[in-house]
Amino acid sequence: MTGISIIVPSYNCEDYIERSLNSIKFQTLHDFECLVIDDASTDSSLKIINQVVGEDPRFRVYSFSENKGVGFVRNFGIQHARSSVIGFVDSDDYVDSFFYEKLLTKKSDSKADIVFCDVVEEKNLQYRYVHVYGSSPEILGKDVFLRQVIEDTKVKSWLCNKVFSRNLFEGVNFEGKTLEDFALLPTLIQRSNFVAYLPFTGYHYEMRVGSLSRLTSCFERFELVEKAEKRKKWVEEHTPFLKDESINCLVRFYNLFFTAAREDNNGKHFFFQEKHILFLRRNSGDLLFNKRISIKRKIFLTFLLVISLIKYHWKDR
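All figures in this text were calculated on a predicted structure; none of them were measured in a lab.

This brings us to the state of the cysteines. In the structure shown here, the tally under the stated rule is zero disulfides. In this model Cys 218 remains outside any disulfide bridge; the closest cysteine sulfur is found in Cys 249, 19 Å from its own. In this structure Cys 249 is a free cysteine whose sulfur lies 19 Å from that of Cys 160, the closest cysteine sulfur available.

Take a look at the structure:
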């Protein structure tokens, strides 16, 4: 059995996939397997993958004839993985050469089900922003870590800067084509014994335009709002003591969506779409009575709700 199974979903990443795979290929940890899964790319990604992998027996390449989405690809990778430890790398990102050696050493020494490290956000090797967890203890109770993940400020809901005991994934699946890590991570944490933190920046997160994990438009940001709403429902069912944190996260994401929609001419029409109105009706209390929503926005949201009530009233007559 290998030390770790690394799952790399790939879709139209011809400009980045070689760097990503080489960063795995030349790890100081030699005992790994890497499952590279091309999700029906329409560019030369698969050709590059095969060239980089070559005859290296540690790599296994799969390709789909139709696009399935990142969630399906990760589920497929876990099902075909041979190790008791799982890691993920996005095909446009890369890792330091000692990344997995350090994380697995920490996991072995601490016996934690989840180990994570800091992340460097980059853009074309010009922009750099380091997400540092800080001077917190290197061993965290799962409830402490879960609170920080649900709040999504100090700790982000990323999978790729973490390694996991494989048993955490038993009986659960990634769902949807985007933001599937945001939805599943709380469940994985709740199932864990505890979490270990390694204070180093070993994962490099490329801010690539067009990547499914980089949200820019108001439509994409609303997907994140919907995921936050699902997370809030998960919290209500499983960890009600974190209700305030889940609401604060939902409100923060909604503010980001609102700003993006206001600045986008197409997005302005989104405010009046049924999808948005129904969201407001489900979450009006959390939005209208939260101090993080400005008075002007509350007035506008109230206007939308009143208009929707009038509309549905006349529709039902």
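Moving on, there is more to tell.
For the rest of this paragraph, the subject is the packing of aromatic side chains. Here the structure, examined in full by the defined rule, presents 33 aromatic pairs. A ring pair is formed by Phe 32 and Phe 59, whose centres lie 5.9 Å apart and whose planes are at 90°; its orientation type is edge-to-face. Of this pair, Phe 32 sits in the loop between helix H1 (17-25) and strand E2 (33-38) while Phe 59 is found in strand E3 (residues 59-63), placing the two residues 27 residues apart along the sequence. Ring plane angle 65° and centroid distance 6.3 Å describe the contact between Phe 88 and Phe 164, whose orientation is recorded as edge-to-face. Within this pair, whereas Phe 88 is found in strand E4 (residues 85-88), its partner Phe 164 is found in strand E9 (residues 162-165), the two being separated by 76 residues in sequence. The rings of Phe 219, Phe 222, Tyr 254, Phe 257, Phe 258, Phe 270, Phe 271, Phe 272, Phe 279, Phe 300 and Phe 303 are connected pair by pair, giving a single aromatic cluster. The cationic tip of Arg 74 hangs over the ring face of Phe 88; the distance from NZ or CZ to the ring centre is 5.3 Å. Taking NZ or CZ as reference, Lys 154 lies 4.8 Å from the ring centre of Tyr 133, over its face.

Calculation criteria
Residues numbered from 1 in each chain as written. Predicted model: local features only at pLDDT ≥ 70, side-chain atom pairs only at ≥ 80, totals over all residues. Heavy atoms only, no water. Disulfide = S-S within 2.5 Å. Phe/Tyr/Trp six-rings, centres within 6.5 Å; stacked < 30°, edge-to-face > 60°. Helix = DSSP H or I, 4+ residues; strand = E, 2+ residues; numbered from the N terminus. Lys NZ or Arg CZ within 6 Å of the ring centre and 35° of its normal.

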